[in-house]
Amino acid sequence: MSADTLPKLLLEKVRYYKKEVALREKQLGVWRPITWNEYYDHVETFGLGCRDLGLKPQEKVSILGDNCPEWLYADLATQSLRAVAVGVYPTNTTEQVKYILEHSGSKYVVVKDQEQLDKVLEVNAELPLLERIIVIDMKGVRKYTYPLIISYEEVEEVGRRIRQKDPDLFTGIIAETEASDIAIIVYTSGTTGPPKGAMLSHRNITAVQHGFLQVLPITREDSLVSALPLCHVAERMFSLFLPMKVGCTINFAESVATMQADMIEISPSIFLTVPRMLEKMHSTITIKIQNANPIKRCAYNLCMPIGGKVADIRLSGGKVGLLYHTLFMIAYFLVFRPLRNRIGLLQVRECVSGAAPLSKDIMRFFRSLGIRIKEAYGCTESTGVISMPEGEGLKLGSVGKPVPGIEFRLEDDGEILIKGGLVFEGYHNDPEGSNRVLKDGWLYTGDVGKLDEDGDLFIVDRKKEIIINAAGKNIAPSEIENRLKFSTFINEAIVIGEGRKYLTALIQVDYENVANWAQKEDIPFTNYKSLVGNSKVRRLIDREITEANKNLARVETIKKFALLDKELDQDDGEVTATMKVKRQIIEKKYGNIIEPMY
Amino acid sequence: MASPDFFEIRDLHMRFAGVQALQGVSISVAKNELLAVIGPNGAGKTTIFNIINGVYHPYKGKILLEGKDITCLKPYKIARAGIARVFQNIELFKNMTVIDNLLLGRHQFLKSSFLSGSFFLGKCLREEMDNRRKVEEVIEFLEIEEVRKQLVKSLPFGLQKRVELGRALCMDPSILLLDEPVAGMNLEEKEDIARFILDIKEEMETTIIMIEHDMEVVMDIADRICVIDFGVKIVEGSPEVVQNHPKVIEAYLGLED
C-alpha cells in the first residue's frame, strides 16, 4: 500500500518514528513535546468519536480557531473518515463565519474557545445543517446550555471507548481513504467578492508535496513554527502536508501575542512568512536601533553597508571577495548574529515568503543579515505553490522556476496558466466559477507574469489590478505599493490611477512608529485620527514618498497622496483575513478623498 | 446553591471617633455566589472589606466563614483561611516581574524550612515547582503570557489590575474580595475583567464579593446585590429587584422635594 493520502502518511510516520517528537506546544510556560504516537492517538480517538456522533464521508467539518495541535488532530481525523475539513479564519467576523459555515454546508464545527463559540452561537439558528459544535477549550462555557455543544474532550472519550472494543478499527478506516477524496476545502480570502471554497484532494496534496520538496528539501531534523493561520493553504502545507511527508517538527506558540518571544526560543530552521510580517520585523529593527544606545547604533550603522554590499553581490549572482567575506564575518558576529537572535531567525536555513509580493528592499535588507528569503508564488487553486527559487540561485524579484510536475505557459496577455496534479478539483458549489478558471485542464491563475531568458518567472501583478492610465500605459501597482510600504512609517499603500493622468496613493500610516516619532518631535495627538491630521506627519509621509519616487520610473511616480484617517479593518470589509486590500471597495468608499487629488 | 450561610457577616457595627460607619449590617453569601455591594461614596463598603480582612476590629458583630468565627483574627490568618482581596488602588511590587508578584500570592503555602530553602533541597525544589505551576496556570487563565517576565511598572493600568487579580487567585481563595475591579478602565478592559470575574466564579468555584460603582458591570454579572447607605443595608436582592427599588433610586439620586 503506497501512502497516497494524508491519514495513510500519518500512519506510516507513526510506524517509523513512534516515540519521537512530532509537535511541540508551549503550555504553562513550558514546551511540551507530543510524540508521533500521541499525535496518532488523538487523531484516532477524535476520529472514532466523530464517527460515533454520525459523521459520514463527504460531509463537512469546519475548524475555527487559532493554531493549536487540536486543530491538526481535528483536520486529520475528519480526513480519515473521508469527510472534508474546512478551515475558517479566527479573525473572521460573525457574518463571515456564518457565510463559510453555510456555504460549505458544515455538519460539525470545531471551535477553539469561547470567543469563537459565541460567534457560531449567534448565527446557529440560521444554520439548519449544523448538528454539533465541538469546543476545544471549555473555559467559560461549561455552563452554556445549548444542546449542540460538546467538548472536544468528550468526543475523544467516546473514541477511546470504541477503540477499547475494537483496537484496529481506525487503521481499517484509514485504509479506505482514497487519493481522489476531497481532503480539505480552503476558502480563498476573497479580495474581489465573497470567498470561494477551493476543493483540494489528496491527489493534489501528494503532487504539491512532491513538487515542493524537490525544489526545497526539508528533512526530519527541521523545525518549524506554525505562525500563520492554518486555514490558509500555505500554512496548511508547512504545518501538515510537509510534516506528513518528511516528519519535521511543528511548534505551536503559547498565543498569538507571544509569537515573537516563542520564535526566539524555538529558533526554527524553516520559516514560512508573509511580506507583512517581514515588513513588521524590518520596521521593528529600525525603530529599536534608533532607540538603542550610541555604541549599538554606531555598530549597526557601520555593519549594515557591509551586509548590503555582500547582499548586492550575492543577489546579482557574483562571488564575494576575500575582503568583504572577512568584513561580513566580523559584522555577522558583531551585529547580525545578535540581531537575528532577537527576531528568532538565528538558525533559519530556508525562509519562504508567499501570499503577496515581497518588496525588493525588504529582501535585500534580510539578505544583508545573511537571511536568504525565497519568494514563492502560488495560489489556493494550485494547492499553494506554482513556482519557487531553487538552491542558492536567487534573482531579485523572481519567484524562480515552476516546480517539477506541472506544465506551465503564458497566455498572450501574460496570464499564467498551469496544468498538473496540483491543480485543484474546482470550487465547492460553484461550477460556473470553476469553469471560469479551469479550461481544458488548464488553471487560469489571473496573475500576469513574464519569463526571462533563463526561464525564471517574474510576477507582474494580478490581472484585474493592473492599472491602465489615461495614456494607455499598463502599470503594476503592487510593486509601487511595496516600495512605499518599505518606509517604516507607512503600513499600507493603495495606488490609484485607472484611466487617470497620473498616479496617486492612499496611505495608512504605521500608528506605532509614527506615534513614536511624534512623541519625539513633541507633536500632540490623542488618537490615530488626530495623529494623521497633523501637518508635520503629512510632511513626514511626503518625504517618505519622495524618497520612494526616486526609484520609480516617471510614469510610476506618486504625484499626490491622501492619508487615511482610520486603519483599514477586516470588520469594515476593507481588507481580507490575510490583510489583503480589497481595492474596489476601498476606491469606492474613499472616493471623496480620491477625487480631490485629480 | 449549597449552604446559604457559607460566609456570613452578622450585625456589624463600626465607629470611627464620632462617626457611625456601620450600624448593624448583616450579609450572608452562599457558596459560589457573586454578590455585589454597592452604595454611594462613604457608605461603608470598603470598611466592611477591611473588617473582613482583619484590618479593622468592629466594636460589635461577627464574621463567620463556614460557621467559624474569624472576626478580629490577624490579617495573615484570615488570608490563610482562604479569603483573598484585590485592592482598589494597585498594591503590587512595581519593580518586580509579573511572575514574582504572582509567586508572592503563593507565599502562605511555603512550608520548607530555612535550612532546606538555603540549599534548595528536594522538598523545597518540589514546592517551588508546584508554586510555579500554579502561577503559570493563573497566567494562562488571565491570558497574560505575553508579559510574564516584564516588570509590573512597565505595564498599562488595565494589565496591572489583571496581575493584581492574578496574585489573589494564586492564593487559591475560597472567597475573593474585589474592591472596584473596573475603576478607571476603558470599555475593552472592563469587558475583559468582567469576563474573567465570571470565569473565576465558574471555573474555580470561588465565592466573590465585589464592591463596584459601575452599574452596568454590576447589573450584568452579579447574582445578588446588596445596597448600603450611611452604614445601613437598605436593599438586598437580584439585579432586577435592586434596579427599580425606590430606596436605591433615592440613595443614588436623592429625594425629590
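Above this note sits the structure.
Please read all numbers here as calculations on a predicted model, not as lab measurements.

Structural notes on the overall build of chain B
Now for step 1: Assigned secondary structure in chain B consists of 10 helices and 10 strands.
Now for step 2: Its C-alpha atoms give chain B a radius of gyration of 19 Å, within 12% of the compact-globule value 18 Å for 257 residues.
Now for step 3: Over its C-alpha atoms, taken along the principal directions, chain B stretches across nearly 70 × 40 × 40 Å.
Now for step 4: Burial analysis of chain B (257 residues in total) assigns 51% to the buried set.
Now for step 5: Partitioning the intrachain contacts of chain B with sequence separation of at least 6 by distance along the chain shows that 70% fall at a separation of at least 24.
Now for step 6: Split by element, the accessible area of chain B, about 12,600 Å² in all, is 53% carbon and sulfur.
Now for step 7: For chain B, the distance from the average position of its 31 positive side-chain charges to the average position of its 40 negative side-chain charges is 10 Å.

Some thoughts on the pairing of strand β18 (residues 415-420) of chain A
All names here are of chain A.
Now for step 1: Both strand β17 (residues 406-410) and β18 contribute to a ladder of 5 bridges, which runs antiparallel. Residue pairing in the sheet places R409 in a bridge with L417 of β18.
Now for step 2: Taken together, β17 and the strand that follows it, β18, pair antiparallel across an intervening segment of 4 residues, in which G414 is found at a positive phi of about 90°.
Now for step 3: In terms of strand pairing, β18 meets strand β20 (residues 442-451) through 3 bridges, oriented antiparallel. Considered in β20, the bridge of L417 is made with Y444.

Looking at a nonpolar patch on the surface
Now for step 1: A grouping of L323, L327, I330 and L334 of chain A is seen on the molecular surface, where their side chains present a nonpolar patch of about 390 Å² in accessible area.
Now for step 2: Assignment of secondary structure puts L323 of chain A in helix α13 (residues 322-342).

With respect to the interface of chain A and chain B
Now for step 1: Counting residues at the interface gives 14 residues for chain A and 15 residues for chain B.
Now for step 2: Here chain A packs against chain B, burying approximately 1,200 Å² in sum over the two surfaces, 47% of which is carbon and sulfur.
Now for step 3: At the boundary of chain A and chain B, one finds 3 salt bridges.
Now for step 4: A salt bridge links K139 of chain A to E143 of chain B, with the nearest nitrogen and oxygen atoms 3.5 Å apart.
Now for step 5: On inspection of chain A and its partner chain B, the count reaches 6 residue pairs in polar contact (both at pLDDT 80 or more).
Now for step 6: Of the residues in the side of chain A that touches chain B, the class split is 4 nonpolar, 5 polar and 5 charged.

With respect to the state of the cysteines
Residue and element names in this part refer to chain A.
Now for step 1: With the rule as written, the count across this model stands at 0 disulfides over all chains.
Now for step 2: Looking at the unpaired C298, the closest cysteine sulfur is the one in C303, lying at 9.0 Å.
Now for step 3: When its relative accessible area of 45% is taken as the criterion, C298 is described as partly exposed.

Brief notes about the environment of S2 of chain A
Now for step 1: With respect to the helices, strands and loops of the structure, S2 of chain A is situated in the segment before α1 (6-17).
Now for step 2: Sequence separation of S2 of chain A and E12 of chain A is 10 residues, and the distance between their C-alpha atoms is 9.5 Å.

What counts, and at which threshold
- Residues numbered from 1 in each chain as written.
- Chains lettered and ligands numbered in written order.
- Predicted model: local features only at pLDDT ≥ 70, side-chain atom pairs only at ≥ 80, totals over all residues.
- Heavy atoms only, no water.
- Helix = DSSP H or I, 4+ residues; strand = E, 2+ residues; numbered from the N terminus.
- Rg over C-alpha atoms; globule rule 2.2 N^0.38 Å.
- Buried < 20%, exposed > 50% of the residue type's maximum accessible area, 1.4 Å probe, protein only.
- Contact = heavy atoms within 4.5 Å.
- Areas by Shrake-Rupley, 256 points an atom, 1.4 Å probe, with all protein chains shown as cover.
- Lys, Arg positive; Asp, Glu negative; His and termini not counted.
- Charge placed at Lys NZ, Arg CZ, Asp CG, Glu CD.
- Pairing = 2+ DSSP bridges.
- Patch = residues over 30% accessible without salt bridge, like charges linked within 9 Å, V, L, I, M, F, W, Y side chains within 5 Å.
- Salt bridge = Lys/Arg side-chain N within 4 Å of Asp/Glu carboxyl O.
- Buried area = accessible area lost by both parts, 1.4 Å probe.
- Polar contact = N/O pair within 3.5 Å; in protein donor to acceptor, adjacent residues only side chain to side chain.
- Nonpolar A, V, L, I, M, F, W, Y, C, P; charged D, E, K, R; others polar.
- Disulfide = S-S within 2.5 Å.

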